[in-house]
Amino acid sequence: MRVVPVHLFPGERTSRAGPSWSADLCGRIFRPLGSPAVSASFQLRAKPTEYTEARRRLNAVLHLCESCSSMSAPRSRRAGRVLVALWFLVTLSVQQTEAKNSEDIRCKCICPPYKDIEGQIYNQNVSLKDCNCLHVVEPMPVEGKDVEAYCLRCECKYEERSSGTIKVTIIIYLSVLGLLLLYMVYLTLLEPMLKRRLFGHSQLIQSEDDVGDQQPFANAHDVLSRSRSRPNMLNKVEHAQQRWRRQVQEQRKSVFDRHVVLS
Amino acid sequence: MASLILMMNNTGYCSESFNSLQSATSDEDMVEIAGATLDFSSTDDVPPLDRDHGAGIGNGLKEAPKLMDFLDEPLPGVGTYEDFNTIDWVREKSKDRDRHREIASQSKESTWALMKSISDAFSGWLLMLFVGLMSGALAGGIDISAHWMTDLKEGVCLSAFWFNHEHCCWNSNENTFQERDKCPKWKSWAELIIGSNDGPFAYIMNYVMYVCWALLFSFLAVSLVRAFAPYACGSGIPEIKTILSGFIIRGYLGKWTLMIKTITLVLAVSSGLSLGKEGPLVHVACCCGNILCHLFTKYRKNEAKRREVLSAAAAVGVSVAFGAPIGGVLFSLEEVSYYFPLKTLWRSFFAALVAAFTLRSINPFGNSRLVLFYVEFHSPWHLVELVPFVLLGIFGGIWGAFFIRANIMWCRRRKTTRLGHYPVLEVLVVTAVTAVLAFPNSYTRMSTSELISELFNDCGLLDSSQLCNYANVSDIERGSNALPDRPASHDVYTAMWQLALALVFKMLITVVTFGMKVPSGLFIPSMAVGAIAGRLLGVGMEQLAYYHHDWVLFRGWCSPGADCITPGLYAMVGAAACLGGVTRMTVSLVVIMFELTGGLEYIVPLMAATMTSKWVADALGREGIYEAHIRLNGYPFLEPKEEFSHKTLAMDVMRPRRSDPPLSVITQDGMSVEEVETLITDTSYSGFPVVVSHESQRLVGFVLRRDLVISIENARQRQDGVVSTSQIFFTEYTPPQLPSSPSPLKLRGILDLSPFTVTDHTAMDIVVDIFRKLGLRQCLVTHNGRLLGIITKKDILKHMAQIANRDPDSILFN
């Protein structure tokens with residue numbers, strides 16, 4: 001009896017005959033999303049009338065998850081873009097909220113030397129309408145009738161900044177830089193070491209040899225075969241990484257070794 | 001039934017997203033192999049739904065593999081290009097026209113199709129909006145981070161480490177008139193390490209820390225570039241120029257290049273090297289454009305359309321680099337773009353506007369300006385001053401020509417000798433030299449943008465810098481900011497000496513810096529050189545006018561006590577002249593400078609200086625720095641500015657030459673798969689003309705090698721009965737076959753039926769014009785209506801190189 005829902009679930013998957021990856025991807029989304037439904041079907045398993053009900057529900061969840069996955073899949077490759085957009089939004093909103101923060105506005109008056117008074121800079125947190133010499137220059141170094149003459153020379157500027165934007169930007173920048181450095185260290189130092197330990201020396205050399213393919217049909221083969229093989233998520237990531245590394249290697253060769261481009 | 005349809009729709013969604021997911025792996029490419037991952041395997045139990053949606057579900061589920069269907073739908077990969085190849089603009093444009101026509105005709109049929117056509121028309125503008133937003137945001141981030149990192153070389157803000165020097169002391173009341181940015185929260189390294197900021201030991205400490213940070217930054221920059229994205233080095237403008245003219249460099253505008261270029265640009269700029277961020281920002285914006293193109297099918301699948309977007313993105317780059325939206329559009333038009341229709345002009349305008357707005361709302365400098373060296377002055381100039389302006393123009397021209405020659409020489413050395421084998425070491429050595437020499441001189445120690453901003457600045461009463469420390473004269477009591485010309489004090493003379501040394505230093509170090517394997521732009525260093533020279537001349541003129549105001553030259557307009565000469569204006573004119581000498585820009589440069597200053601009255605001086613500088617530089621050396629780098633690398637770039645004036649004919653340039661074996665052609669019928677495969681393997685041509693028969697040599701069309709290879713390979717794998725002895729047909733109807741013979745292969749779908757032809761007596765200047773204006777890749781040559789030969793873009797470039805007494809083998813790519 002306990003087997004029923006377990007059967008039900010993969011049964012659904014195979015009868016749908018969707019590509020294996022979609023089941024895989026849906027499964028990932030399904031697990032957190034679908035777990036109440038599964039437990040529900042456990043409770044309902046005794047009654048055959050409601051069994052179909054559970055089946056329908058599962059169906060619905062699966063549909064839901066499929067439409068989810070169809071939305072989320074392109075999103076994953078847009079991660080970088082989303083990050084930028086997110087950062088942009090964050091900075092904008094941060095700016096909106098913090099622009100009026102007293103730390104982030106200033107009225108700066110620069111007063112040049114006048115008679116025997118040294119030049120001076122005055123800084124105050126005042127709003128735009130109060131940003132003038134009379135409000136900001138305190139204590140006033142001159143008396144009575146000289147105030148006007150003194151203030152005429154001063155230049156007051158109202159400035160706004162967004163310390164939140166600066167903070168977020170610098171922190172994001174540093175973390176991206178740090179991640180890249182870690183990844184670089186991993187790729188250049190750790191990975192060759194691990195590989196050597198795992199596979200031994202001979203295979204390392206061999207795998208470096210079989211990169212070049214010069215036949216004219218090899219490329220086409222590559223293009224065509226890509227559509228047929230349907231690896232699971234992990235393989236795909238691995239494959240993408242391999243492809244990327246090959247590209248970088250190729251770029252490095254043409255830029256640094258052969259000096260064909262960008263010299 | 002309904003649920004079944006729903007299910008199928010869902011699987012359809014999934015397989016669609018699968019495609020996009022998988023194509024994300026090739027997202028890095030300049031050209032994604034369009035639809036390479038399209039699900040065309042009919043043996044699969046998920047039928048492509050759009051093909052026979054109305055055919056009924058039972059039919060759809062159990063569809064037998066259709067053999068000849070491949071010819072109706074384009075194969076994956078057909079119509080794309082290989083790396084380091086040139087696109088065929090004519091083919092791409094006609095592809096887009098067909099697509100557009102189809103959408104337009106469909107839009108009358110249903111509301112959904114109408115919506116689709118509207119969204120298609122709208123997508124270009126939407127894309128521009130995204131490009132503007134993304135580039136503006138990135139530029140803001142780069143500005144903020146670079147500013148912070150530059151100051152990190154000198155010290156750190158204790159209260160909040162993410163503030164640079166200025167922002168650290170933003171609210172401080174301790175800053176004085178003499179030292180504007182002084183506050184206890186900001187600690188220099190010497191203060192932090194040894195506890196005091198005075199004395200020789202503290203100076204040495206600061207010196208050492210400065211050099212160490214500079215070395216660290218540049219080392220990180222060059223190693224990141226080397227490890228992740230070698231294409232991120234350099235300025236990028238020569239390559240983008242070539243790409244816009246139709247060349248393909250895969251991965252040059254990809255995600256990794258974007259990320260690494262953004263990150264390392266900050267490092268390179270803040271390491272104090274003599275380089276700027278403007279050129280790389282153009283590259284960054286183009287990367288944004290290219291990446292965002294993947295969102296829209298219209299641009300993803302068409303190389304020509306994508307280049308329109310890239311043209312606009314280049315405008316965005318300059319727009320955010322200088323805060324000059326109109327200047328950016330003109331820069332794209334004058335300097336980088338190859339094909340710039342009016343529609344692109346408007347789109348660039350819009351994108352530049354969005355980007356400038358975004359950057360403004362981020363407010364990276366905290367002064368509501370888009371650039372650090374924004375200046376504003378409105379003092380008038382006199383007609384006589386045109387003479388020094390023209391002199392500055394001459395200086396700019398000479399410097400531009402010298403710089404180009406020296407830099408190309410150095411880059412050639414790097415390309416050919418052992419120097420090129422040590423990119424990291426080279427960067428480190430140059431950084432070390434720069435940092436060690438730059439620190440003692442306060443004008444080279446500060447960042448180049450700050451230097452330019454100080455040089456552009458007009459000295460008022462409010463300024464307390466060394467450069468503005470004039471001897472005060474007694475009649476200053478007039479209460480306005482318009483100061484008369486004053487005698488220079490000792491401080492100004494010291495500043496002059498320092499500036500002269502800085503000038504020599506910048507001139508020499510920029511030559512070896514530009515072209516190193518870090519992101520490096522040229523605008524800022526050349527502007528700095530010009531600004532220093534201009535400021536020197538300006539101060540000289542000012543003092544001359546002050547001490548000799550009775551000369552005939554000054555008598556009319558420069559009486560004592562008048563403010564007649566603005567040294568800041570001279571610096572600005574000098575900057576424009578030097579930049580003009582190096583890049584040979586004219587209109588866009590003047591507009592950029594004018595947008596920087598917001599002073600309309602300086603257009604004439606700027607125009608005079610840039611024009612002179614262009615004349616002088618053109619007289620000394622034909623090409624600008626970007627063209628020179630394009631030629632150095634041998635990119636296939638057909639310069640639209642150059643004129644072709646030789647009296648050669650098409651038959652002199654075409655291949656095959658008289659002594660060569662005859663042209664490799666394919667006949668429209670009668671060749672077997674094996675024969676064609678042998679032809680492909682034996683030759684390395686990128687395309688083959690198709691003729692009626694070997695005897696008549698009458699032309700049918702042209703087929704590209706890549707398309708041919710992919711189609712044959714595909715047919716061999718998927719079409720039953722296609723073997724080596726199968727016949728290949730390019731004709732419209734296949735003649736009836738003997739029952740015993742293997743099934744034929746029809747390839748009319750990949751045949752270009754309208755290749756461009758000229759006769760063998762066409763003058764070469766017309767052929768070159770055709771190539772330039774239409775963006776052709778190859779052109780067939782006929783004689784009496786029979787196919788005689790072929791001219792490719794590379795042949796033309798080689799021919800032009802030969803005429804100019806250059807090595808024709810320097811043209812490397814197809």
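Under the annotation held in an unreviewed UniProt entry, chain B carries the name Chloride channel protein and is attributed to Electrophorus electricus. According to its UniProt record, chain B has this under Sequence similarities (unreviewed entry): "Belongs to the chloride channel (TC 2.A.49) family."

Looking up chain A in an unreviewed UniProt entry gives the name TMEM9 domain family, member B, with the organism given as Electrophorus electricus. Word for word, the UniProt comment on chain A under Subcellular location (unreviewed entry) is "Membrane". A UniProt comment under Sequence similarities (unreviewed entry) is attached to chain A, and it reads "Belongs to the TMEM9 family."

Engineer: Can you lay out the overall build of chain A for me, pointing to particular residues and giving the numbers?
Structural biologist: Each helix and strand in chain A was counted, giving 10 helices and 3 strands. Listing each helix as α and each strand as β along chain A from the N terminus yields α-α-α-α-β-β-α-α-β-α-α-α-α. Nonlocal contacts in chain A, meaning residues at least 24 apart in sequence, comprise 62% of its contacts between residues at least 6 apart.

Engineer: Break down the packing of helix H23 (residues 587-597) of chain B against helix H24 (residues 603-620) of chain B for me, citing the residues and quoting the values.
Structural biologist: Residue and element names in this part refer to chain B. Taken N-terminus to C-terminus, the directions of H23 and H24 make an angle of 145°; their axes are 10 Å apart at the nearest point. You can see that H23 and H24 cross each other, and the crossing is right-handed. Only Ile603, Leu606, Met607 and Thr610 of H24 make contact with H23, whose side of the interface consists of Leu589, Val590, Met593 and Phe594. For the contact of H23 with H24, the per-class residue count stands at 7 nonpolar, 1 polar and no charged.

Engineer: Please give an account of the environment of valine 700 of chain B that cites residues and values.
Structural biologist: Residue and element names in this part refer to chain B. Position of valine 700 among the secondary structure elements: in strand S6 (residues 699-704). By relative accessible area, valine 700 is classed as buried at 16%. Note: C-alpha distance between valine 700 and proline 755 (55 residues apart in sequence) is 8.8 Å. Those residues within four positions of valine 700 in sequence are excluded, and the remaining contacts are Gln668, Val690, Val691, Val692, Leu751 and Leu753.

Engineer: Talk me through unusual backbone geometry; I want residue IDs and the actual numbers.
Structural biologist: Residue and element names in this part refer to chain B. Put simply, arginine 655 and proline 656 share a cis peptide bond, and its omega is -10°. Tracing the backbone through its elements, the reader meets proline 656 in the loop between helix H26 (650-653) and strand S3 (666-667). One non-glycine residue, asparagine 363, lies in positive phi territory at about 55°. The topology assignment puts asparagine 363 in the loop between helix H14 (342-362) and helix H15 (386-416). Residue asparagine 363 is classed as buried on the basis of its relative accessible area of 11%. Phi is positive for asparagine 805, close to 60°, though the residue is something other than glycine. Note that asparagine 805 resides in the segment after helix H30 (793-803). Residue class for asparagine 805 comes out exposed when judged on its relative accessible area of 72%.

Engineer: Can you tell me about helix H8 (residues 237-244) of chain B, naming the residues and giving the values?
Structural biologist: All names here are of chain B. Among the 8 residues of H8, 8 are classified as buried, and the element is accordingly described as predominantly covered. For H8, the secondary structure elements touched by its buried residues are helix H3 (89-106), helix H10 (278-293), helix H12 (303-322), helix H13 (325-336) and helix H25 (625-633). A positive backbone phi angle near 120° is found at glycine 246, which sits one or two residues after H8.

Engineer: Tell me about the state of the cysteines, and name the residues and values.
Structural biologist: Scanning the entire structure with this criterion turns up 7 disulfides over all chains. Covalent S-S linkage joins cysteine 111 of chain A and cysteine 154 of chain A, the inter-sulfur distance amounting to 1.9 Å. Taking the torsion about the S-S bond as the criterion, the cysteine 111 of chain A to cysteine 154 of chain A disulfide, at about 115°, is right-handed. In this pair, cysteine 111 of chain A is assigned in strand S1 (residues 105-111) and cysteine 154 of chain A in the loop between helix H6 (146-153) and strand S3 (155-160), connecting sequence segments 43 residues apart. In this structure, cysteine 111 of chain A and cysteine 154 of chain A share a single accessibility class: buried. The residue that forms a disulfide with cysteine 169 of chain B is cysteine 183 of chain B, at a sulfur-sulfur distance of 2.0 Å. Of note, the bridge from cysteine 169 of chain B to cysteine 183 of chain B carries an S-S torsion of about -70° and is left-handed in sense. Of this pair, cysteine 169 of chain B sits in the loop between helix H5 (165-168) and strand S2 (186-188) while cysteine 183 of chain B sits in the loop between H5 and S2, and the two are 14 residues apart along the sequence. Ordering the disulfide-forming cysteines of chain A by sequence position, one finds them joined as 1-4, 2-8, 3-7, 5-6. Between cysteine 233 of chain B, a free cysteine, and cysteine 411 of chain B, which holds the nearest cysteine sulfur, the sulfur-to-sulfur gap is 11 Å. Free of any disulfide, cysteine 578 of chain B has its nearest neighbouring cysteine sulfur in cysteine 411 of chain B, separated by 19 Å. The exposure class assigned to cysteine 578 of chain B is buried, which follows from its relative accessible area of 0%.

Engineer: An account of the packing of H8 of chain B against H13 of chain B is requested, with residue identities and associated values reported.
Structural biologist: A pair of packed helices is characterised by two quantities: the angle between their axes and the separation of those axes. All names here are of chain B. Axis separation between H8 and H13 bottoms out at 11 Å; the angle between their running directions is 75°. When the axes of H8 and H13 are compared, the pair comes out roughly perpendicular. Residues Ile237, Lys241 and Leu244 of H8 pack against Phe331, Glu335 and Val336 of H13. Grouping the constituent residues of the contact of H8 with H13 by class yields 4 nonpolar, no polar and 2 charged.

Engineer: Please set out the nonpolar core residue by residue, giving values where relevant.
Structural biologist: All names here are of chain B. One finds Phe228, Phe322, Phe456, Met527 and Met593 to be the most contacted residues of the largest nonpolar core, which totals 203 residues. Here this core takes 13 residues from helix H4 (residues 111-152), the largest share from any one element. Of all hydrophobic cores here, the second largest spans 24 residues; its members include Val78, Ile680, Val709 and Leu745.

Engineer: A description of the UniProt feature "domain: CBS" (unreviewed entry) in chain B should follow, citing residues and the corresponding values.
Structural biologist: All names here are of chain B. Under the UniProt annotation, the feature "domain: CBS" (unreviewed entry) is placed at residues 654-718 and 750-808. The span residues 654-718 is 37% helix and 23% strand, and its two end C-alpha atoms sit 38 Å from each other. With 37% helix and 27% strand, the stretch residues 750-808 has end C-alpha atoms that lie 32 Å from each other.

Engineer: Could you give an account of the environment of alanine 313 of chain B, naming the residues involved and the relevant values?
Structural biologist: Residues and elements named next belong to chain B. Position of alanine 313 among the secondary structure elements: in helix H12. Taking relative accessible area as the criterion, alanine 313 reaches 0% and is therefore assigned buried. Discounting residues that sit within four places of it in the chain, alanine 313 has contacts with Val131, Ala285, Cys286 and Gly289.

Engineer: Tell me about the sheet that holds S3 of chain B, and name the residues and values.
Structural biologist: Residue and element names in this part refer to chain B. Strand order across the open sheet formed by 3 strands is S3-S5-S6, with mixed pairing between neighbours. Either end of the sheet is taken by a strand with one partner, and the two such strands are S3 and S6. Inspection of the sheet shows S3 paired to strand S5 (residues 687-691) by 2 bridges, in the parallel sense. From the neighbouring strand, threonine 667 faces S5, where its bridge partner is valine 691.

Engineer: So, the sheet that holds strand S2 (residues 120-124) of chain A: which residues are in play, and what are the values?
Structural biologist: All names here are of chain A. As summarised here, the arrangement of the 3 strands in space is S2-S1-S3, forming an open sheet in which the pairing is antiparallel. The open sheet terminates on both sides in strands that have one partner only, identified here as S2 and S3. Pairwise comparison of adjacent strand axes, ignoring direction, gives a mean angle of 20° for this sheet. For S1 and S2, the ladder comprises 5 bridges, and the chain directions are antiparallel. Bridge pairing links cysteine 107 to glutamine 124 in S2.

Engineer: So what's going on with H6 of chain A? Which residues, and what values?
Structural biologist: Residues and elements named next belong to chain A. Where H6 is concerned, the buried positions are Asp146, Val147, Tyr150, Cys151 and Arg153. Down the axis of H6, the smallest arc covering the buried residues is 155°, so these residues share one side. In H6, those exposed residues whose orientation departs by more than 90 degrees from the buried face are Glu148 and Leu152.

Engineer: Hey, could you go over the UniProt feature "transmembrane region" (unreviewed entry) in chain A for me, with residue numbers and the actual values?
Structural biologist: Mapped onto this structure's residue numbering, the UniProt feature "transmembrane region" (unreviewed entry) falls at residues 170-189 of chain A. Measuring from the first to the last C-alpha atom of residues 170-189 of chain A gives 28 Å, for a span that is 100% helix and 0% strand.

Engineer: Hey, could you go over the packing of aromatic side chains for me, with residue numbers and the actual values?
Structural biologist: Residues and elements named next belong to chain B. Counted by the stated rule, this structure contains 29 aromatic pairs over all chains. Plain terms: the ring middles of tyrosine 231 and tyrosine 252 are 5.6 Å apart, the flat faces sit at 50° to each other, and that makes the pair tilted. With tyrosine 231 in the loop between helix H7 (199-228) and H8 and tyrosine 252 in the loop between H8 and helix H9 (255-270), this pair connects stretches of sequence that are 21 residues apart. Per residue, the accessibility class of tyrosine 231 equals that of tyrosine 252, and both read buried. Judged by centre distance (6.0 Å) and plane angle (45°), the rings of phenylalanine 247 and tyrosine 635 are tilted.

Engineer: I'd like a rundown of the environment of leucine 126 of chain B, residues and numbers included.
Structural biologist: Relative to the elements of secondary structure, leucine 126 of chain B occurs in helix H4. In sequence terms leucine 126 of chain B and alanine 351 of chain B are 225 residues apart; their C-alpha atoms lie 9.6 Å from each other.

Engineer: Give me the lowdown on the confidence of the model for chain A, citing residues and values where you can.
Structural biologist: All names here are of chain A. Chain-level statistics for chain A give a pLDDT mean of 65 and a share of 49% at 70 or above. When mean pLDDT is compared element by element in chain A, helix H7 (residues 163-199) scores highest at 90, while helix H1 (residues 3-16) scores lowest at 36. The low-confidence segment residues 203-216, where pLDDT is below 50, has 8 contacts with residues more than four positions distant or belonging to other chains.

Cut-offs used in this document
- Residues numbered from 1 in each chain as written.
- Chains lettered and ligands numbered in written order.
- Predicted model: local features only at pLDDT ≥ 70, side-chain atom pairs only at ≥ 80, totals over all residues.
- Heavy atoms only, no water.
- UniProt positions renumbered as here; feature names shortened; annotations may be inferred.
- Helix = DSSP H or I, 4+ residues; strand = E, 2+ residues; numbered from the N terminus.
- Contact = heavy atoms within 4.5 Å.
- Axes fitted to C-alpha atoms, helices over the stretch in contact; angles between N-to-C directions.
- Left-handed = near helix turned anticlockwise from the far one by under 90°.
- Nonpolar A, V, L, I, M, F, W, Y, C, P; charged D, E, K, R; others polar.
- Buried < 20%, exposed > 50% of the residue type's maximum accessible area, 1.4 Å probe, protein only.
- Disulfide = S-S within 2.5 Å.
- Parallel < 35°, antiparallel > 145°, perpendicular 65-115°, else oblique.
- Core = buried A, V, L, I, M, F, W, Y, C linked by side-chain atoms within 4.5 Å.
- Pairing = 2+ DSSP bridges.
- Arc of directions from axis to C-beta.
- Phe/Tyr/Trp six-rings, centres within 6.5 Å; stacked < 30°, edge-to-face > 60°.
- pLDDT = per-residue confidence, 0-100.

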